[in-house]
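# Structure at a glance
Residues per chain are reported as follows:
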Amino acid sequence: MPFELDNLVRENIRRLVPYSSARSEFSGDARIFMDANENSFGSPTCQDHSRYPDPFQKEIKSCVAELNGISPSQVFVGNGSDEAIDLLFRIFCRPSVDNVIICPPTYGMYEVLASINDVALEKVFLTRDFDLDVPAILAAIDQNTKIIFLCSPNNPTGNLVSRNAILEIAGTFEGIVVVDEAYVHFSTQPSLTKEIGSNPNLVVLQTFSKAWGLAGLRVGLAFGDAKIIELFDRVKPPYNLSDSAQSEVLSAFINEHHVVKSIREIRKEREILAEKIKKFEFVTTVYPSDANFMLVKTIDADAVYLSLLDNGIVVRNRSRVPLCEGCVRITVGTPDENTALLNALEQYEKSSVH
Ligand SMILES: *Cc1c(COP(=O)(O)O)cnc(C)c1O
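Below is a summary of the structure that appears in this document. Keep in mind it's a predicted model, so treat the numbers as computed, not measured. (Residues numbered from 1 in each chain as written. Predicted model: local features only at pLDDT ≥ 70, side-chain atom pairs only at ≥ 80, totals over all residues. Heavy atoms only, no water.)

### Focus: the side chain of Asn199
Looking at where Asn199 falls in the secondary structure, it is placed in the loop between β5 (176-180) and β6 (202-207). Those residues in contact with Asn199 that sit more than four places away from it in its chain are Leu167 and Ala170. (Helix = DSSP H or I, 4+ residues; strand = E, 2+ residues; numbered from the N terminus. Contact = heavy atoms within 4.5 Å.)

See the structure below:
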């Protein structure tokens, strides 16, 4: 049976009559707007925010589409990519009937959002070198499996998963295959965005929170077939992105060179940091990273974590995550921050030797 979007979408979503906001019913030029119950006397802030924002973020979509060589109809803009993940559950998964597959160790929000939406979760663990176990993934699919979540570069392991494996899964599975590319800008491999044209069931997630340095704005992206994107836009809250978030993102595009430069520096720092961290005796493995963080296996993650905290440095203790025993996840910082981290680790090494 080939991929049939209509058969995958929940009945209530297929029949949904979306909320029609004032700004979606009329978005042209007019002299006086008396259609949305806004306060025409303005807002009590320096910037005026008295008007509702564009519900479909047309300017952002057009910039993003151009940057990625796709059509604006293939772009969804969300309140963080977490919103896109939540919408995927709500569009495709019938609570307490359907299930999704994830490949741990991976990003925690897939499981949390599955629980919130009362959707069962099948876990197919990554292999020992943190790649996809394709036969096990395909074997885990049943008739109620709606979505497979893949993450590349993967969080918290930092590595890219095999592109061929992703495309094999997308070509075989009759449901939705999501590839979370939150960290793709730090990797040397191209995005899978180019593949959405030939894979109507592929959804690629990206975000402004990591390489773009805009985590506080809460803006994420989903790329996919226009029919899937249309579903996102029907189900999302009408004004899911504030006017400030929209205008800040638009101003970020003008300074893209700043992003390109910081990515280059972060990659360079990542390699320097990895080499230095490898030399500590309490470190058993620094896993190769295509992201802006690295997973570091130590002989006592709790002790490392607490010792860094004593120095005012917070890393992520992942030692209780299956397959990440003994591991902390460290985000690459500025050269000064990385030096502070290395000094604190050296101090820990000295104090823990005897
Ligand atoms: C950080 C991160 C996100 C980003 O989520 P936003 O809601 O866009 O901030 C998504 N996926 C993964 C794997 C992440 O690590």
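### Remarks on the packing of helix α5 (residues 81-92) against helix α6 (residues 109-116)
Packing of α5 against α6 leaves a shortest axis separation of 10 Å and a crossing angle of 40°. Overall, the two elements α5 and α6 adopt an arrangement that is oblique. Once α5 is placed against α6, the crossing between them reads as right-handed. Residues Asp82, Ile85, Asp86 and Phe89 of α5 lie in contact with α6, whose contacting residues are Met109, Tyr110, Leu113 and Ala114. (Axes fitted to C-alpha atoms, helices over the stretch in contact; angles between N-to-C directions. Parallel < 35°, antiparallel > 145°, perpendicular 65-115°, else oblique. Left-handed = near helix turned anticlockwise from the far one by under 90°.)

### Topic: the sheet that holds strand β9 (residues 293-298)
Read from one edge to the other, the open sheet built from four strands follows the order β8-β9-β11-β10, with strand pairing classed as antiparallel. On the outer flanks of this sheet lie β8 (283-286) and β10 (316-317), each paired with one strand and no other. Relative to β9, β8 runs antiparallel, the two being bridged by three bridges. Bridge pairing in β9 places Val283 opposite Thr298. (Pairing = 2+ DSSP bridges.)

### Focus: the site of the ligand
As a structural note, the neighbourhood of the ligand is formed by 13 residues, with Asp180, Tyr183, Thr207, Lys210 and Arg218 the closest of them. A distance of 2.6 Å is found between an oxygen atom of the ligand and a side-chain nitrogen or oxygen belonging to Tyr183. Within the side chain of Lys210, one N or O atom sits 3.2 Å away from an oxygen atom of the ligand. In the complex, 94% of the free accessible area of the ligand, which totals 390 Å², lies under the protein chains. Classifying every residue of the shell around the ligand gives four nonpolar, five polar and four charged. (Near = heavy atom within 4 Å. Polar contact = N/O pair within 3.5 Å; in protein donor to acceptor, adjacent residues only side chain to side chain. Areas by Shrake-Rupley, 256 points an atom, 1.4 Å probe, with all protein chains shown as cover. Nonpolar A, V, L, I, M, F, W, Y, C, P; charged D, E, K, R; others polar.)

### Some points on the pattern of salt bridges
Going through the model one piece at a time under the given rule, you end up with 17 salt bridges. Put simply, Glu271 and Arg270 hold a salt bridge, and the shortest N to O gap is 2.8 Å. Overall, Glu271 belongs to the partly exposed group, its relative accessible area being 42%. Members of the salt-bridge network, linked through shared partners, are Arg23, Asp35, Glu38 and Arg51. (Salt bridge = Lys/Arg side-chain N within 4 Å of Asp/Glu carboxyl O. Buried < 20%, exposed > 50% of the residue type's maximum accessible area, 1.4 Å probe, protein only.)

### Some remarks on the nonpolar core
Counting residues in hydrophobic clusters, the biggest one holds 76 residues, and the most contacted among them are Leu132, Phe208, Ile277 and Leu341. With six residues, the single largest contributor to this core is helix α11 (residues 256-278). Those residues in contact with Leu132 that sit more than four places away from it in its chain are Cys103, Leu126, Thr127, Ile137, Leu150, Val161, Ala165, Ile166 and Ile169. In terms of nonpolar packing, the next biggest core, distinct from the first, is built from 32 residues, Leu5, Cys93, Phe149 and Ile176 among them. (Core = buried A, V, L, I, M, F, W, Y, C linked by side-chain atoms within 4.5 Å.)

### Regarding unusual backbone geometry
Note the cis peptide between Pro104 and Pro105, where omega equals 0°. Mapped onto the fold, Pro105 is located in the loop between β2 (99-102) and α6. Cis geometry marks the peptide bond from Ser152 to Pro153; its omega dihedral reads -10°. Relative to the helices and strands, Pro153 is located in the loop between β4 (145-151) and α8 (163-172). One non-glycine residue, Phe130, lies in positive phi territory at about 60°. With respect to the element layout, Phe130 can be found in the loop between β3 (120-123) and α7 (134-140). One non-glycine residue with positive phi stands out, namely Arg218, at about 65°. With respect to the helices and strands, Arg218 occurs in the loop between β6 and β7 (220-223).

### Considerations on the pairing of strand β11 (residues 327-331)
The buried fraction of β11 amounts to four of the five residues, a majority that puts the element mostly inside the structure. The pairing of β9 with β11 spans five bridges and is antiparallel. Pairing of Lys297 across the sheet is with Cys327, part of β11. As judged from the two bridges shared by β10 and β11, these two strands associate in the antiparallel manner. Note that in β11 the partner of Asn317 across the bridge is Val328.

### Quick look at the packing of aromatic side chains
Taken as a whole, this structure holds 13 aromatic pairs when the rule is applied. Residues Tyr183 and Phe293 carry aromatic rings whose centres are separated by 4.9 Å and whose planes lie at 80° to one another, so their mutual orientation is edge-to-face. One end of the pair, Tyr183, is in the loop between β5 and β6; the other, Phe293, is in strand β9, and 110 residues separate them in sequence. Here the aromatic residues Phe89, Tyr107, Tyr110 and Phe149 are joined through ring pairs into a cluster of three or more. Positioned above the aromatic ring of Phe293 is the side chain of Arg329, whose terminal nitrogen or guanidinium carbon lies 5.5 Å from the ring centre. (Phe/Tyr/Trp six-rings, centres within 6.5 Å; stacked < 30°, edge-to-face > 60°. Lys NZ or Arg CZ within 6 Å of the ring centre and 35° of its normal.)

### A short note on the side chain of Gln57
Position of Gln57 relative to the elements: it lies in the loop between α3 (22-25) and α4 (58-68). A polar contact of 2.8 Å, which involves the side chain of Gln57, links it to the side chain of Asn240. Other than its neighbours up to four places away in sequence, Gln57 contacts Val77, Lys236, Asn240, Leu241 and Gln246.

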